[in-house]
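Chains, contacts and geometry: an overview
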Amino acid sequence: MTLKNQVKLMQEAHLHMPQGVAENYRYWGDEQTVFISSAKGAQLTDCDGKKYIDFRLGYGPIILGFRDDRVDQAVIRQIQEGGTLSGFSTSLDTEVAKQIKAMCPQIDKLRFANSGTEAVMGAVRTARGFTGRDRIAIVEGSFHGLVDEMMWKSDIENWNSGDLLPPKIIPFGAGIPENTRELVDFIELNNFESLEQLFMMRKDSLACVLLEPIIGNAGSIAACNCWLQRLRDLCTENGTILIIDEVKTGFRVAKGGAQSLYGIYADLTTYAKAMGNGYPVAAFGGRSEVMAVVGSHAGGVVHGGTYTANLVSLSAAYATLDILANTNALKTVDEAGLQIQALLGRVFTAAGIEHAFAGPPAMLGIHFSSEVPNNYRQWRKVNNNLYKNFAWKLIEYGVMLEPDSREPWFICEAHSQIDFAWLEDVATKAIKSVL
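As recorded by an unreviewed UniProt entry, the protein carries the name Glutamate-1-semialdehyde aminotransferase and is attributed to Polynucleobacter duraquae. Turning to the protein, the UniProt record has this under Sequence similarities (unreviewed entry): "Belongs to the class-III pyridoxal-phosphate-dependent aminotransferase family." Listed under Cofactor (unreviewed entry) in UniProt, the entry text for the protein is "pyridoxal 5'-phosphate".

Here is the structure:
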């Protein structure tokens, strides 16, 4: 069937935006780029009226469901009664900070931001200001936003898993200055040798180590407790700030985020995405003595932004965090995720496909291999072509997800209302079609 509106919209969009999209990751090709007309609960409707059950959820911000009335009504009240932006402080700033602190015991003080990228920038700058050091280290496969220094990655696609040499480190794309690579080191997740070597080489110059404990861009591959604890100990011993990036996991995998699942806590933490159920809000914070370097005092770390702590975003965060803290919303999310994992497991087993599930049920990674990869390099050995073909079939049949197995299935509270039998039938049909 020809998607007439989609074709028309794509043609017009090309006249006004590069690739016809507002950001790179929305471009799936001229024939497959999706234009959405509405979203509600766990369902999307595209510009031609086709409906999808959505497991992409805007890369993870939707934790309750699209257009959740409880959150939207709080925002509408704020707009009508108090406005959107004043350029001054409000009591809501403190109220949302108190909510986060109540759920996340490692947070003594925090500052707000508008996106995960901004939160990471603030946390890294704070770590450098506190330590007086410049170098940073990140974990292969992690994603920490669209700031030049973080836009270097392991070239896993062009690396052979049998190679003795590690993957090359390359920029995400053009326009990234070579000198932004000079202060960044890479370590391999769950590799103790890589960890010890980093601190042997950089202990006096390393401001911070930044990682996602459950990697949202590598199929929810997770740090093991013993490796994360060793990283925590080495940071403490060497005066290095540990930054745990919970932009994706925060307020999603548990009320206190991934750190509450591990019982291992960072010096600084970044939050965004699920914090506002789709409204653009973020934060970074941590230990009082570390955050004390932020401010307008002499030698202080500069942090700010015109839209920081705007009242639209903070009212959404306040409503969302209140629901997550005081209802069974996250329990419902987990139960839906477990149900989806179970039905997919039945589908894959019946089709004779080796499979392994990674991550918590709210952020489900699927790997077509006998076991979950231990790190990003091992992900290279997974049957990613089969996953990609399966994903495109699901999209054709009305299940929206990212066709790359590095992206997890995100689950929201509204998924508890979907037709699970329909999803199992569709998944069965899709896997049979591609085998």
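Let us now look at the environment of K331. Turning to its location among the elements, K331 is positioned in helix 10 (residues 329-350). Separated by 76 residues in sequence, K331 and K255 place their C-alpha atoms 9.9 Å apart. Reaching out from K331, the side chain makes a polar contact with the side chain of E335 at a distance of 2.7 Å.

Turning our attention to helix 6 (residues 225-238). With 14 residues, helix 6 should cover 20 Å at 1.5 Å per step; its first-to-last C-alpha distance of 20 Å lies within 8% of that length. Along helix 6, the residues that are buried comprise W227, L228, L231, R232, L234, C235 and N238. Along the axis of helix 6, the buried positions cluster into a sector of 165°, meaning they face one direction only. Exposed side of helix 6, more than 90 degrees from the buried face: T236 and E237 are the residues found there. Positive backbone phi, approximately 65°, marks G239, located one or two places after helix 6.

Here we take up the sheet that holds strand 14 (residues 363-367). Two strands in a sheet stick together by hydrogen bonds in their backbones, pointing the same way (parallel) or opposite ways (antiparallel). The antiparallel open sheet is built from 3 strands, whose spatial order is 13-14-16. Looking at which strands have only one partner, the edges of the open sheet turn out to be strand 13 (356-358) and strand 16 (409-410). The strands that helix 10 touches are strand 13, strand 14 and strand 16; relative to strand 14, the one it contacts most, it runs at about 15°.

Bringing the sheet that holds strand 3 (residues 51-54) into the picture now. A sheet is described by the order of its strands in space; here 4 strands give the open sequence 1-2-3-15, paired in mixed fashion. In this open sheet, the two edge strands, each paired with only one partner strand, are strand 1 (36-40) and strand 15 (399-400). Taken together, the 2 bridges between strand 3 and strand 15 define a ladder with parallel strand orientation. Looking across to strand 15, one finds that D54 is bridged to M400.

Viewed as axis vectors pointing N to C, helix 2 (residues 69-81) and helix 9 (residues 311-326) meet at an angle of 145°, and their least axial separation amounts to 8 Å. Handedness of the helix 2/helix 9 crossing: right-handed. Contact residues: helix 2 offers R70, V71, A74, V75, Q78 and I79, while helix 9 offers L311, V312, S315, A316, A319, T320 and I323. For the contact of helix 2 with helix 9, the per-class residue count stands at 9 nonpolar, 3 polar and 1 charged.

Accessible area lost when the parts come together is the quantity often used to give the size of an interface. Looking at the assigned domains, one finds that the protein contains domain 1 (69-326) and domain 2 (348-358 + 367-405). The C-alpha centroid of domain 2 is placed 28 Å from the C-alpha centroid of domain 1. Facing the 16 residues of domain 1 at the interface are 11 residues of domain 2. Together domain 1 and domain 2 conceal approximately 1,400 Å² of surface at their shared face, both sides included; 58% is due to carbon and sulfur atoms. Applying the counting criterion to the domain 1 and domain 2 interface returns 2 salt bridges. Between domain 1 and domain 2 we count 8 residue pairs in polar contact (both at pLDDT 80 or more) in total. Taken together, the residues of the side of domain 1 that touches domain 2 break down into 7 nonpolar, 6 polar and 3 charged.

Backbone geometry at Q19 places phi at a positive 60°, although glycine is not the residue there. Structurally, the position occupied by Q19 is in the loop between helix 1 (4-14) and strand 1. When its relative accessible area of 38% is taken as the criterion, Q19 is described as partly exposed. Its identity as a non-glycine residue notwithstanding, F251 has a phi of 60°, on the positive side. When you line up the elements, F251 lands in the loop between strand 10 (241-246) and helix 7 (257-262).

Moving on, we come to the side chain of D267. Structurally, D267 is set in the loop between helix 7 and strand 11 (268-271). Residue D267 is classed as buried on the basis of its relative accessible area, which comes to 4%. Looking at D267, its side chain comes within polar contact range of the side chain of R232, at 3.0 Å. At 2.6 Å, the side chain of D267 and the side chain of R287 are in polar contact. Setting aside anything within four residues of it in sequence, one finds D267 in contact with R232, T240, I241, L242, G285, G286 and R287.

On the secondary structure map, N225 appears in helix 6. Residue N225 is classed as partly exposed on the basis of its relative accessible area, which comes to 45%. Distance in space between the C-alpha atoms of N225 and I264 is 8.3 Å, their sequence separation being 39 residues. Ignoring anything within four residues of it in the chain, the contact list for N225 reads Y262 and I264.

On to the pattern of salt bridges, then. Taken as a whole, this structure holds 22 salt bridges when the rule is applied. The shortest N-O distance in the salt bridge between R346 and E424 comes to 2.7 Å. Taken as a pair, R346 in helix 10 and E424 in helix 13 (residues 420-434) lie far apart in primary sequence, 78 residues in all. Each of R232, D267, R287 and E289 takes part in a single network of salt bridges with overlapping partners.

Cut-offs applied
- Residues numbered from 1 in each chain as written.
- Predicted model: local features only at pLDDT ≥ 70, side-chain atom pairs only at ≥ 80, totals over all residues.
- Heavy atoms only, no water.
- UniProt positions renumbered as here; feature names shortened; annotations may be inferred.
- Helix = DSSP H or I, 4+ residues; strand = E, 2+ residues; numbered from the N terminus.
- Polar contact = N/O pair within 3.5 Å; in protein donor to acceptor, adjacent residues only side chain to side chain.
- Expected span 1.5 Å × (residues − 1).
- Buried < 20%, exposed > 50% of the residue type's maximum accessible area, 1.4 Å probe, protein only.
- Arc of directions from axis to C-beta.
- Pairing = 2+ DSSP bridges.
- Contact = heavy atoms within 4.5 Å.
- Axes fitted to C-alpha atoms, helices over the stretch in contact; angles between N-to-C directions.
- Left-handed = near helix turned anticlockwise from the far one by under 90°.
- Nonpolar A, V, L, I, M, F, W, Y, C, P; charged D, E, K, R; others polar.
- Domains from an automatic or database assignment.
- Buried area = accessible area lost by both parts, 1.4 Å probe.
- Salt bridge = Lys/Arg side-chain N within 4 Å of Asp/Glu carboxyl O.

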